[in-house]
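Geometric and topological summary
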Amino acid sequence: MVGEEDGMKNKVTIGVCVMEKKVKSGSEAFSGPMLQILERLEAFGEFEIVHFGDKVILEEPIQSWPICQCLIAFHSSGYPLERAEAYAALRKPFLVNELGQQRLLHDRRKVYERLEFYGIPVPRYALVNRESPNEELDYFIEEEDFVEVHGNRFWKPFVEKPIDGDDHSIMIYYPSSAGGGMKELFRKIGNRSSEFRPDVRRVRREGSYIYEEFMPTGGTDVKVYTVGPEYAHAEARKSPVVDGVVMRNPDGKEVRYPVLLTPAEKQMAREVFSAFGQAVCGFDLLRCDGRSYVCDVNGWSFVKNSHKYYDDAACVLRKMFLDAKAPHLSSTLPPTLPWKVNEPVQQSEGLTRQGSGIIGTFGQSEELRCVIAITRHGDRTPKQKVKLKVTEEKLLNLMLKYNGGRPRAETKLKSAIQLQDLLDATRILVPRVRPGRESDSEAEDIEHAEKLRQVKAVLEEGGHFSGIYRKVQLKPLKWVKVQKANGEGEEERPTEALMVLKYGGVLTHAGRKQAEELGRYFRNNMYPGEGTGLLRLHSTYRHDLKIYSSDEGRVQMSAAAFAKGLLDLEGQLTPILVSLVSKDSSMLDGLDNASIEIKEAKARLNEIITSVSKSVHNNSSREKPWMVDGAGLPPNASEVLPKLVKLTKKVTEQVRLLAIDEDEDLAESSSYDVILPYDQAKALGKTHIDVDRIAAGLPCGEGFLLMFARWRKLERDLYNERKERFDITQIPDVYDSCKYDLLHNAHLNLDGLDELFKVAQLLADGVIPNEYGINAKQKLKIGSKIARRLLGKILIDLRNTREEAISVAELKSNQDNNIAVPAAKEETDYHSKAYGKIDGTRRASFTSDMSMDQDEDDDKEPKYRLDPKYANVKTPERHVRTRLYFTSESHIHSLMNVLRYCNLDESLQEEPSLVCDNALDRLYRTKELDYMSYIVFRLFENTEVALEDPKRFRIEMTFSRGADLSPLESNDSEAASLHQEHTLPIMGPERLQDVGSYLTLEMMEKMIRPFAMPAEDFPPPSIPQGFSGYFSKSAAVLERLVNLWPFHKHSSNSNGSSPRKSRGENHKNQAEETSYT
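The shown structure was predicted, so the numbers you read here are calculated from the model rather than taken from an experiment.

1. Looking at the overall build of the protein chain
Tallying secondary structure elements over the protein chain gives 33 helices and 32 strands in all. For the protein chain, with 1077 residues in total, the buried portion stands at 57%. Relative to all contacts within the protein chain whose residues are 6 or more apart in sequence, the contacts with residues 24 or more apart total 75%. Accessible surface, the protein chain: about 46400 Å² in total, of which carbon and sulfur atoms supply 47%.

2. Description of the packing of helix α6 (residues 108-117) against helix α7 (residues 263-276)
Interhelical geometry of α6 versus α7 gives an angle of 120° and a closest axis separation of 10 Å. Considering their axes alone, α6 and α7 lie oblique with respect to each other. Viewed along their axes, α6 and α7 form a crossing whose handedness is right-handed. In this structure, α6 contributes Val 111, Arg 114 and Leu 115 to the contact, and α7 contributes Val 272, Ala 275 and Phe 276. Here the contact of α6 with α7 is built from residues that sort into five nonpolar, no polar and one charged.

3. Details of the packing of helix α24 (residues 776-786) against helix α28 (residues 889-901)
Between α24 and α28, whose axes approach to 8 Å, the crossing angle comes to 125°. If you check the angle between α24 and α28, you find them oblique. When the axes of α24 and α28 are compared, the crossing they make is left-handed. Residues Ala 776, Lys 779, Leu 780, Gly 783, Ser 784 and Ile 786 of α24 lie in contact with α28, whose contacting residues are Ser 890, His 891, Ser 894, Asn 897, Val 898, Arg 900 and Tyr 901. A breakdown of the residues in the contact of α24 with α28 according to their chemical character gives five nonpolar, six polar and two charged.

4. Things to note about helix α3 (residues 33-43)
An α-helical segment advances 3.6 residues per turn. Residues three or four places apart therefore align on the same side. For α3, the tally of buried residues reaches eight of 11 residues, placing the bulk of the element in the interior. Burial in α3 covers these residues: Pro 33, Met 34, Leu 35, Gln 36, Ile 37, Leu 38, Arg 40 and Leu 41. Positioned one or two residues after α3, Gly 45 has a phi angle of 80°, which is positive.

5. With respect to the environment of Lys 602
Checked against the element boundaries, Lys 602 lands in helix α17 (residues 595-610). On the basis of relative accessibility, which here comes to 29%, the residue Lys 602 falls in the partly exposed class. When the C-alpha positions of Lys 602 and Val 767 are compared, they lie 8.8 Å apart, and in sequence the two are 165 residues distant. Contacts of Lys 602, omitting those with residues within four sequence positions, involve Ile 728, Thr 729 and Glu 771.

6. Some details on the pattern of salt bridges
Applying the stated rule across the entire model yields 55 salt bridges. Across the salt bridge formed by Arg 197 and Glu 184, the nearest N and O atoms sit 2.8 Å from each other. With Arg 197 in strand β12 (residues 192-197) and Glu 184 in strand β11 (residues 182-189), this pair connects stretches of sequence that are 13 residues apart. Looking at Arg 197, the relative accessible area reads 36%, which means it is partly exposed. By sharing partners, the salt bridges in this structure join Arg 512, Glu 516, Glu 517, Arg 520 and Lys 564 into a single network.

7. Notes on the sheet that holds strand β3 (residues 70-73)
Reading across from one edge, β2-β1-β3-β4 is the order of the four strands in this open sheet, with parallel pairing throughout. The open sheet has two free edges, formed respectively by β2 (47-51) and β4 (94-95), since each of these has just one partner strand. Relative to β2, strand β1 (residues 12-17) runs parallel, the two sharing five bridges. Note on β2: the bridge partner recorded for Val 16 is His 51. Docked against the sheet, α3 engages β1, β2 and β3, running at close to 145° with respect to β2.

8. Overview of the pairing of strand β8 (residues 152-155)
Across four bridges, the pairing between strand β7 (residues 146-149) and β8 is antiparallel. Bridge pairing in β8 links Val 147 to Phe 154. Counting the residues between successive antiparallel strands, the hairpin from β7 to β8 contains two residues, one of them, His 150, with a positive phi of roughly 55°.

9. Considerations on the sheet that holds strand β13 (residues 209-213)
If you trace the six strands from one edge of the open sheet to the other, you get β5-β13-β9-β10-β11-β12, paired in antiparallel fashion. The sheet terminates laterally at β5 (125-128) and β12, the two strands that pair on one side only. Pairs of neighbouring strands in the sheet enclose a mean axial angle of 20°, with direction left out of account. Bridge count for strand β10 (residues 170-173) against β11 is four bridges, and the pairing is antiparallel. Among the inter-strand pairings, Tyr 173 is bridged to a residue of β11, identified as Met 182.

10. Side note on the environment of Arg 287
Here Arg 287 is to be found in strand β17 (residues 280-288). Residues Arg 287 and Thr 217, spaced 70 residues apart in sequence, show a C-alpha to C-alpha distance of 5.6 Å.

11. Comments concerning the confidence of the model for the protein chain
Averaged over every residue, the pLDDT of the protein chain is 78; the share at 70 or more is 76%. Note that pLDDT drops below 50 for residues 613-620; the model gives that stretch 16 contacts with residues more than four away or on any other chain. Confidence over residues 666-678 falls short of pLDDT 50; this stretch has 17 contacts with residues more than four positions distant or in other chains.

12. Thoughts on a positive patch on the surface
Among the surface-exposed residues, Lys 383, Lys 385, Lys 387, Lys 412, Lys 414, Lys 471 and Lys 502 lie close enough to one another that they form a single positively charged patch. Top element by residues in the positive patch is strand β20 (residues 383-390). It accounts for three residues. Following the sequence through the fold, Lys 387 ends up in strand β20.

13. Some points on the packing of aromatic side chains
Summed over all chains, the structure comprises 24 aromatic pairs. Ring centres of Phe 302 and Tyr 309 lie 6.2 Å apart, and the angle between their planes is 65°; this geometry places the pair in the edge-to-face category. In this structure Phe 302 comes out as buried when scored by relative accessible area, which is 11%. Cluster of aromatic residues (ring-pair linked, three or more members): Phe 74, Tyr 231, Trp 300, Phe 302, Tyr 309 and Tyr 310. In this structure, Arg 318 is placed above the aromatic ring of Phe 44, and the distance from its NZ or CZ to the ring centre is 4.8 Å. Positioned above the aromatic ring of Tyr 998, the side-chain terminus of Lys 951 is 5.7 Å from the ring centre.

14. Let's talk about unusual backbone geometry
Trans is the common state for peptide bonds, and a negative phi is the common state for residues other than glycine. Following Lys 156, the chain continues into Pro 157 via a peptide bond in cis, with omega recorded as 5°. With respect to the helices and strands, Pro 157 occurs in the loop between β8 and β9 (158-162). With phi around 55°, Lys 92 is a residue other than glycine that occupies positive phi space. Residue position: Lys 92 is located in the loop between α5 (81-91) and β4. A relative accessible area of 60% means that Lys 92 is categorised as exposed. At Asp 289, a residue that is not glycine, the phi angle is positive and equals roughly 50°.

15. A short note on the side chain of Arg 952
Along the chain, the position of Arg 952 falls in the loop between β29 (934-942) and β30 (953-960). Polar contacts involving the side chain of Arg 952 include one to the side chain of Glu 941, which spans 2.6 Å.

Here is what the cut-offs are and how they apply
- Residues numbered from 1 in each chain as written.
- Predicted model: local features only at pLDDT ≥ 70, side-chain atom pairs only at ≥ 80, totals over all residues.
- Heavy atoms only, no water.
- Helix = DSSP H or I, 4+ residues; strand = E, 2+ residues; numbered from the N terminus.
- Buried < 20%, exposed > 50% of the residue type's maximum accessible area, 1.4 Å probe, protein only.
- Contact = heavy atoms within 4.5 Å.
- Areas by Shrake-Rupley, 256 points an atom, 1.4 Å probe, with all protein chains shown as cover.
- Axes fitted to C-alpha atoms, helices over the stretch in contact; angles between N-to-C directions.
- Parallel < 35°, antiparallel > 145°, perpendicular 65-115°, else oblique.
- Left-handed = near helix turned anticlockwise from the far one by under 90°.
- Nonpolar A, V, L, I, M, F, W, Y, C, P; charged D, E, K, R; others polar.
- Salt bridge = Lys/Arg side-chain N within 4 Å of Asp/Glu carboxyl O.
- Pairing = 2+ DSSP bridges.
- pLDDT = per-residue confidence, 0-100.
- Patch = residues over 30% accessible without salt bridge, like charges linked within 9 Å, V, L, I, M, F, W, Y side chains within 5 Å.
- Lys, Arg positive; Asp, Glu negative; His and termini not counted.
- Charge placed at Lys NZ, Arg CZ, Asp CG, Glu CD.
- Phe/Tyr/Trp six-rings, centres within 6.5 Å; stacked < 30°, edge-to-face > 60°.
- Lys NZ or Arg CZ within 6 Å of the ring centre and 35° of its normal.
- Polar contact = N/O pair within 3.5 Å; in protein donor to acceptor, adjacent residues only side chain to side chain.

See the structure below:
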C-alpha cells in the first residue's frame, strides 16, 4: 500500500474540469474521443486523472475543487467559465487551453479580428452591426445580385454568418444568373446539414451579420485538429454547401478522409494555436485557387473514430504535461505503446507507390494519371429567337435606361429587374398598333403585334424570371437630333431599335437525367481499379478535379448534373453549379474565330444540295468516302427539300389550331384553373416527365402559343415562297424540333410528324457535319480555329500531369522509396516559448514574409502525422487529375475534326492520323454527335519504363455518339422503356485507335500542337500572395514537400546525372508559363 501511495505521489495530476456530456459520448462511457485519449494517458503510468464532475463544477466553491497540476477545461453549453478562471488563478495549474481567450470564440467578429491580427488569411468580409432588429443602416445596400457594406461590394454567391459563434444558421445566397435562391447551413440533423430554398433571395435583417466572399472549394471542406503547435491532423468531408446530405459509413458515422496539409497550412495551424492559446482546437480550412483560408475556429475539438489519432494525441499531450510539470522525467516514448502490448502485430500493407515501379492495381504496370473529357450538353428544349424592329418610345427609353443613356449603345437585359421592366412595357403595348407607320400594310402591323405578344408570353412563363434561359438584346438602328431638355444644344435620340429575344434551349428533365447518369458511368468505369475509391480520391485531395463550362445555361446545368452523378451528390443543381463549375466562355463558347470559313462552307453546301449535277461526288476514291466534298449528303437532296417543306406546313397548321383552342380557353377563364403556365426555372429541378401537362393534353416545355411560334418560324424561314428559295441552314432546326416533339410531345399525336422526322434526319445527317467544313481540309481549318484554345488547354493538362508524375518518380527514386511516416516515438523538440504570453505587437503575415527555405524549417515540421494508409485508398500517394469540359455541338465537332484530320497539315503529312481507319469509317457513318456525346483522353503511366522513354506515357482516346437513337426506334427494348420517360440512352464509348496500338503522349503533342493555342499565349498566372516565392525554394524543401503534398510540378533530369535546371527554377518557370492547371 505504501508503495502504491508513493507511486501516486510521483504521478502528475491531470484535472478534467469539463461538463460530463463532453467526456461521455452516447450510452457507452468509453466511446468518446476524450475518454479514448485519457485512457491512453493513464496507461503510461505517469498520470492520475481526476474528473471534477458537473456537481463540483456547478455547485461547490472553487476552494474545495480537487487540486491538480495540469488542467483540461473548456467552455460548452451551461459551463461556468468564470469559476474555472477563478480556480486557475487560485491553483495555477498548467492549462492545456487558456481560459480567458475562449470568450473570443463566441463572437465571429473577434475571431476574424484575431486571425487577421496574426496574419492568418481569411475570406474577404465585412461587418453589419445592428443595435436592434430590422434597423436600417445607411452603409448597407442590397440589390438583386449583391450587397454593399461601407462601399465594399459582395456579388452573389456570398455567405451570411451571424456574429454569434454559437448560431450555426449560415446562409449562402446565389445569383439570379444561376437560378437564384438561398442555401441554409446548419448543424447536422439526421443526415442533413443544409437546405436549399429557391424562393429566398433577400438577406436577413433581424440581427448583426458578417458578409463574406463565397470561396469555391471543389465541394470538399477541410477540418484541421491541432494538439499543441507541432501536431496538426486534417480531414476532408463533403461540403454541406453542395447538397447538404451527410455521407455516412455502414456504422452510421459521417465519412471523413485524412488529408495531408501543405507547409503553409501547417504554419497556419501553429498561428491559430498562438492566436487563441488553445493547444487542442479545431478550425475550418477553405482551399481555393491555390490558397488556403481559415473561416472558423471551433475551440476544443477532437477527431472522431480514429485510433491512430488517439494514439498520437495521447503521446503529444503526455510530452506537454511532462515538460510543464515533470521535466525531470524522460518524455521518450517506450518502444511499444503501453496499450498496444497485447495487440497482435499487423502485417504491413503492400501499398503501391507513385513512380516506384511496383505493379499497380490497374493491371500490368500502368497507372491512370489523367482523365480529360469534353462533353456536349444534355437534351434541351429547341432554341428560339424572336426578332422585331421597335419604334415604341417605352421600349426605346428602356434601352436608354440600361445602357447608360448612350443612344448608339447596345443593351442586354437579363436580370429579373430588367426583364420585369420589359414585361411591364410590353403588356401595355401588345394590344396597340405601332404609331407613325400609317403607310405600312395591315399585315405587317399584325405581325408586329403578334411578335410583341410572343415576347410577352415568353417573359410571363412560370410567373418569375430566371436569367439563365431568357435574355433580350436591344440594338439601336436609327437616330435623330433633338433639343436637350435644358435647351443647351442638341443630343441624339434613338428612333428605331432591333429587339432580339433569345429563349428556350433549356436543359430538360431528360437532359439532367442523362448528364447525371453519365457522371455515374464515369465514376464507375473511367477510373480502373478504384470503383467507389474515386470518391475517396476526391475527398483526400488525391483527385484533382476541375470542371469547366461554356456560358450557356444548358451547358452549365449539364455540368452540374454530371458532377452530381460523378461525386454521388444530392439536392438541387444551383448550389452544385456555383460550388464546382467554372465558366470559361473564351474556351468553350462561340464560333466567331471561324465565322468566315463557316459561311463559305454553308454557301458551298447550298450549292451541292440544290445542284442538279452530282459530279462532285464522283471525283474521289470510294475507299475513303469521308474525304469527298459534302460527304454524307443524300444524292437526291434537292428532290427531298420540297417534301420537307410540305410536311413542315402540315405540322405547323395542326399546332396553329391547338394554339387557337388554347387562346380561346384562356379568354374564357380568369386564371389557369387546372394547369399553371409552364415554368422553365422549376423544370430545371425535375428529373421526371410532367405528368399533369401530359394528362391535360398540353405540350411539355412550353405552351401552345410558343410551340406554334416555333413551328411557324421554321415554316417561314425554311422556304421563301416569293423568292422560291430554300434556306438549308434551317434543316438542323427542323430536325431539332421534330426530334424534340417526338420525344416530349408524342401524346399530342401530330399527324405526319414521324414522316417529317425521317426526311429531316436524312438531310440533317449530311448538313450538320458539313456546316463545320465541306471537306476534310476545311473541317481541319474550321475545327482548329474554333477549338484552338481548348486544344491548348488539353495539352497543358497532359503536360502538367506528366511533369508531376516524373517529379514524384524522381524524388521517390532518390529517396529509395523511403516514404514511411515518422512514428510517434520520435521525440518532439517542444518549445516552452510556444506557451508564452502573446506578444503585444502585431505579427507580420507569414503568407507574405515567411521564408520556407530557412534552416529552421526542418524543426517546424510536425513530428507526428497520420499514416497515409489510414486514408483507406488503394494507392495512397497516387494523384489523378480530372479535367471536364462541357460545351456545345460546335466544339465537339471541331475537336473531333482536328483529331481525325490533323495529319493533313503540311507539317504532318508523313504521319498517320491519330484516329484509325476503322474509327474514321465509324465516325463517317455516325453523322450526329448527339446530346451528351463526349471525347475522352486518358493518360496512363507505365512505371516499369524508364522516365526518358516516350512509352512511359500512353494516351487512350475514346468517344461516344451520345443519345444517338431515333425516337422512333422500336427494336431497342431499353430505348423503348426510356422513351416512356421522354429520354434516350447514351451510347457507350468507342475506341478511336486500333486494339493494341500505342499512342505516346509525345506523338499526341506533336500532332496537336500546330492547331493549339501555345501555352505562352494563355493569360499570365496570378500567383496568390500566400505563395509568393513558393516556387523558387531550395531542392531540399521541395523534396520534403513531395511527401507532404505530392502534387507540385517541376522538371529535373530523368537519370539525375545532369539537371536541366534547378528544381526551383523549373517550378517558377512552369508557374509563369500558364495560368491554367
